[in-house]
Structures are given as C-alpha cells and as structure tokens.
Amino acid sequence: MERRPFYQIKPSAYLFRSDDQKAKDRLDLEEPVRQWCAFELIRAYGIQVQRLTFEAEARVGSKTYRIDILIKLKDQPWAVVECKKRSWKKHEDALEQARSYAVSEKVNAEFVVYTNGDVWLVERRVEGEWGRVSDL
C-alpha cells in the first residue's frame with residue numbers, strides 16, 4: 001500500500017501523549033508529523049501499533065536522547081524514525097541525528113527514516129555503512 005501525503009490527525013486520536021511539559025513544548029510543531037508518520041506506518045506498511053515505541057531512550061556519548069518513533073521487529077530495535085516540523089529543511093542533519101540514535105549501544109537499528117511530512121528519506125545500515133534505500 002502506498003504512503004499518503006501528510007494529513008492532520010485530531011489530537012484526540014493521538015497514539016501517544018507526553019505528560020512532560022518540556023517535551024510538549026518541544027514537540028508542538030513536530031507532533032503532528034510524528035502522529036501522521038505513526039498512522040502511515042500502521043496503515044501503509046502494516047506495522048502493528050505494539051511494534052511502535054514513542055520516545056525510546058538512546059544514549060549518545062554522555063547524553064540521553066528520546067527517539068521520536070522506534071520500530072521493533074521480534075522485540076528488537078529495527079528502525080529509528082526521526083520526525084521534524086513541516087518547515088524543517090536540514091534533511092541531512094535530521095538523518096545524522098537518526099543515525100546517531102540507531103547506532104547507540106542499546107538500539108543498534110538496521111534502518112533510519114527521516115520525515116518532515118513532505119520528505120521521506122530511508123537509509124539502511126549494511127556492514128556498518130549507511131546507504132539510501134527507496135523505502136522500508
């Protein structure tokens with residue numbers, strides 16, 4: 001099934017809500033993209049909702065970050081999804097962020113996805129090297 005262009009999800013239908021006010025403030029602009037992305041992962045790719053983890057932790061260096069969406073396959077991290085607000089244009093920076101999460105010790109994911117709702121970029125790690133692929 002083909003992925004649909006960006007559409008708004010009603011907040012009452014959101015799959016995940018953060019109780020952390022700092023996180024809410026930070027995510028306000030990217031949250032609509034993250035929700036659309038999650039709905040499309042389920043609808044277009046057939047990924048079961050229980051395979052999606054929102055705000056999973058990734059330790060990079062001495063800091064801990066939160067992954068927008070982590071997709072698991074057989075209870076193991078498979079893909080890191082980095083969502084940015086619709087106006088975000090620094091696509092390579094977002095991919096680099098996703099890659100850093102994906103290679104972190106407790107994650108070790110094979111795929112990264114970056115989207116701002118308009119752009120959808122996917123990379124796969126093979127023998128330690130990231131390369132662009134057409135899709136998941």
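Relevant structure appears above.
Positive phi values are uncommon outside glycine, yet Lys-74 reaches one of about 55 degrees. For Lys-74, the location among the structural elements is in the loop between strand S2 (63-73) and strand S3 (76-83). Note on Lys-74: relative accessible area 77%, which makes it exposed. The phi angle at Glu-127 is positive, at roughly 50 degrees, despite the residue not being glycine. Accessibility expressed as a relative area gives 80% for Glu-127, which makes it exposed.

On to the environment of Asn-108, then. Within the element layout of this structure, Asn-108 appears in the loop between helix H3 (91-102) and strand S4 (111-115). For Asn-108, the contacting residues outside a window of four places in its chain are Pro-77, Ala-102 and Arg-125. Separated by 2.6 Å, the side chains of Asn-108 and Arg-125 make a polar contact.

With 13 residues, helix H2 (residues 31-43) extends 18 Å between its outermost C-alpha atoms, agreeing within 8% with the 18 Å of an ideal straight helix rising 1.5 Å per residue. Where burial is concerned, most of H2 is hidden: ten out of the 13 residues are buried. Those residues of H2 lying buried are Glu-31, Pro-32, Val-33, Arg-34, Gln-35, Trp-36, Cys-37, Ala-38, Glu-40 and Leu-41.

Definitions and limits used
Residues numbered from 1 in each chain as written. Predicted model: local features only at pLDDT ≥ 70, side-chain atom pairs only at ≥ 80, totals over all residues. Heavy atoms only, no water. Helix = DSSP H or I, 4+ residues; strand = E, 2+ residues; numbered from the N terminus. Buried < 20%, exposed > 50% of the residue type's maximum accessible area, 1.4 Å probe, protein only. Contact = heavy atoms within 4.5 Å. Polar contact = N/O pair within 3.5 Å; in protein donor to acceptor, adjacent residues only side chain to side chain. Expected span 1.5 Å × (residues − 1).

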